[in-house]
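# Coordinate inspection notes
Chain residues, written in single-letter form:
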Amino acid sequence: MDKVRIGIIGVGYRGMIHLQNLLQRDDVIIRAISDPNIDNLAKALSFIETRGEKKPNLYSELNGYKHLLDKEKLDGVIVSVPWHLYYPICKYALEKGIYVGVEAASAQTMEELYDLLETAQRFGGKCMLLENACYHRDVMAVMNMIKDGLFGELVHCRGGYEHDLRSIKFSPEMEFGAGTQSEAAWRTEHSVRRNGDLYPTHGVGPIAQLLDINRGNRFISLSSYSTKSVGLNRYVAKHQGGQHENAKRKFRLGDVVTTTLTTAKGETVVLTHNTNVARPYSLGFRVQGTDGIWIQENGNHLYLEHFGEDNIWHADSKQLLEQFDHNLWQRFGLAAAKTVRHEMDYFVLKEFVEAIQEEREPRFDIYDMVTWLSITPLSERSIEQDNAKVAFPDFTEGKWQERISFYKEPSLTY
Ligand SMILES: NC(=O)c1ccc[n+]([C@@H]2O[C@H](COP(=O)([O-])OP(=O)(O)OC[C@H]3O[C@@H](n4cnc5c(N)ncnc54)[C@H](O)[C@@H]3O)[C@@H](O)[C@H]2O)c1
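Position numbers for residues start from 1 in each chain and track the written sequence from start to end. In keeping with the model being predicted, local features are shown solely for residues with a pLDDT of at least 70 and side-chain atom pairs are shown and tallied solely at 80 or more, while totals for entire chains, interfaces and linings include all residues.

Okay, the packing of helix α1 (residues 13–23) against helix α14 (residues 344–357) next. Relative orientation of the contacting elements α1 and α14 amounts to 70 degrees, with a least axis distance of 10 Å. The orientation of α1 with respect to α14, classified from their angle, is roughly perpendicular. Two secondary-structure elements touch here, α1 through Ile17, His18, Asn21 and Leu22 and α14 through Asp345, Tyr346 and Leu349. Residue polarity follows a fixed list, in which Ala, Val, Leu, Ile, Met, Phe, Trp, Tyr, Cys and Pro are nonpolar, Asp, Glu, Lys and Arg are charged, and the others, Gly among them, are polar. Along the lines of polarity and charge, the residues of the contact of α1 with α14 split into four nonpolar, two polar and one charged. Note on geometry: axes are lines fitted to C-alpha atoms, helical ones only across the stretch in contact, with angles between N-to-C directions running from 0 to 180 degrees. Comment: elements are numbered from the N terminus, with helices defined as DSSP H or I runs of at least four residues and strands as E runs of at least two. Here the angle decides the label: under 35 degrees means roughly parallel, over 145 means roughly antiparallel, 65 to 115 means roughly perpendicular, and every other value means oblique. Residues are scored as being in contact if the C-beta atoms we place from backbone atoms lie within 7 Å.

Right, here's the structure in full:
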């Protein structure tokens, strides 16, 4: 295949990282970019010119994504925009029957997710959630250990998004919304009107991979609990005084939202969303099997009966993870080291581009995307209904029983 023709919709913080990483690939050509922020468009263009690449067509109107998708001959498009825009943009892109790489996002409603699934099926478009955490080196090494039976049978997993976003949710003046920069312009508003796990995919993506969700296993139910919401008010009061309107504003989003999922194979999964209070960044992974446990919190901690230890953490968990390093990382780790921001991003884009080249489903497909994203509206529903246990839909309509295991999937094993 000739170079893969890519369009990029949204070149803010994240889209710009994708652009720079795609520019490092010699099998990709950036054909067009759409973003109403002309400063961001100009910055994107300067990266392209520095690389000596051909200037892409630029679309700066609010609905420029439609013109981009109508006019350009593209193989794939990457969408990195404010959360509320994913649905209309991805739907429009899927109607073109192309590959759509979707940044980690937050779904608004179940209806939108069902509609995206139906649109992909009707028009043949292929969707991949670009969940970089799935390619975390440690997660993939643990996957190898699970494959080799070192954990015995899995019974429980944990993960989540625990990231103190307070300085991102507000400008230095403690404002958000129109007139503020980057995510303060759109993300904080979700904390005002929604209460649920608003950002589940960094946690659930890797766990879904380890538990083979939609591949012989599936989520059956979910229930969510939320704490009170005080973190954002206290943060604003600390920086601008208690009389600031955002120090008194009612934020619906609980500071810590905890969601428990059950699976068809009898495991439980606990996800945490924690973005309003002080703490260091963590995805807080835990994998518990009958024969051992992995915890990633302030470093890696492994305890595996296989290695003969008696009730103490393995002395050198780092070394053990290196021993089980995944062959993808062994083969492409050096190339990944050149990636802008994080090496995981190399692998997620590699998979997206290669799926296009090989004209196949991406490793994480539309079923995975809607499954992971649906945790947000389902958790909102659960909290609204006094933490009710909510049935988890089977988007695959039974196909989860035959779909090939993540552990046997060809793009991982070559
Ligand atoms: N995977 C990760 O590690 C990671 C990290 C950060 C953000 N994200 C996700 O990436 C996405 C984007 O976040 P961000 O931090 O880049 O936000 P951002 O605000 O910095 O960038 C969003 C960009 O979208 C543009 N935009 C707005 N309306 C548009 C439209 N109609 N058409 C095209 N572009 C439009 C904005 O002008 C801006 O340039 C979010 O879903 C966020 O959750 C993922």
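More follows now that the structure is in view.
Turning our eyes to something else, we now look at the packing of helix α3 (residues 64–71) against helix α4 (residues 86–94). At a closest axis distance of 10 Å, the pairing of α3 and α4 adopts a crossing angle of 10 degrees. On the basis of their axis angle, the class for α3 and α4 is roughly parallel. Each of Tyr65, Lys66 and Leu69 in α3 lies in contact with α4, whose residues at this interface are Ile89, Tyr92 and Ala93. Partitioned by chemical class, the residues of the contact of α3 with α4 number five nonpolar, no polar and one charged.

Its domain assignment divides the protein into domain 1 (4–131) and domain 2 (134–327 + 365–413). An automatic or database domain assignment is the source of the domain bounds shown. Each of domain 1 and domain 2 has a C-alpha centre, and the two are 25 Å apart. The partner domain 2 presents 20 residues to the 20 residues of domain 1 that form the contact. By residue number, the principal contributor to the side of domain 1 that touches domain 2 is helix α5 (residues 110–123), which donates five residues. Of the residues that constitute the side of domain 1 that touches domain 2, the class distribution is 15 nonpolar, three polar and two charged.

Phi at Asn214 takes a positive value of approximately 70 degrees, unusual for a residue other than glycine. One can find Asn214 in the loop between α9 (201–210) and β8 (219–226). Three exposure classes are used, all based on how many other C-beta atoms lie within 10 Å of a residue's own C-beta (placed from the backbone): buried at 20 or more, exposed at 12 or fewer, and partly exposed between those limits. C-beta crowding within 10 Å serves as the criterion here: with 24 such atoms nearby, Asn214 is assigned to the buried category. Residues other than glycine seldom take positive phi values, yet Asn387 does so here, at roughly 65 degrees. One can find Asn387 in the loop between α16 (375–384) and β14 (390–391). Exposure remark for Asn387: the 16 C-beta atoms within 10 Å place this residue in the partly exposed category.

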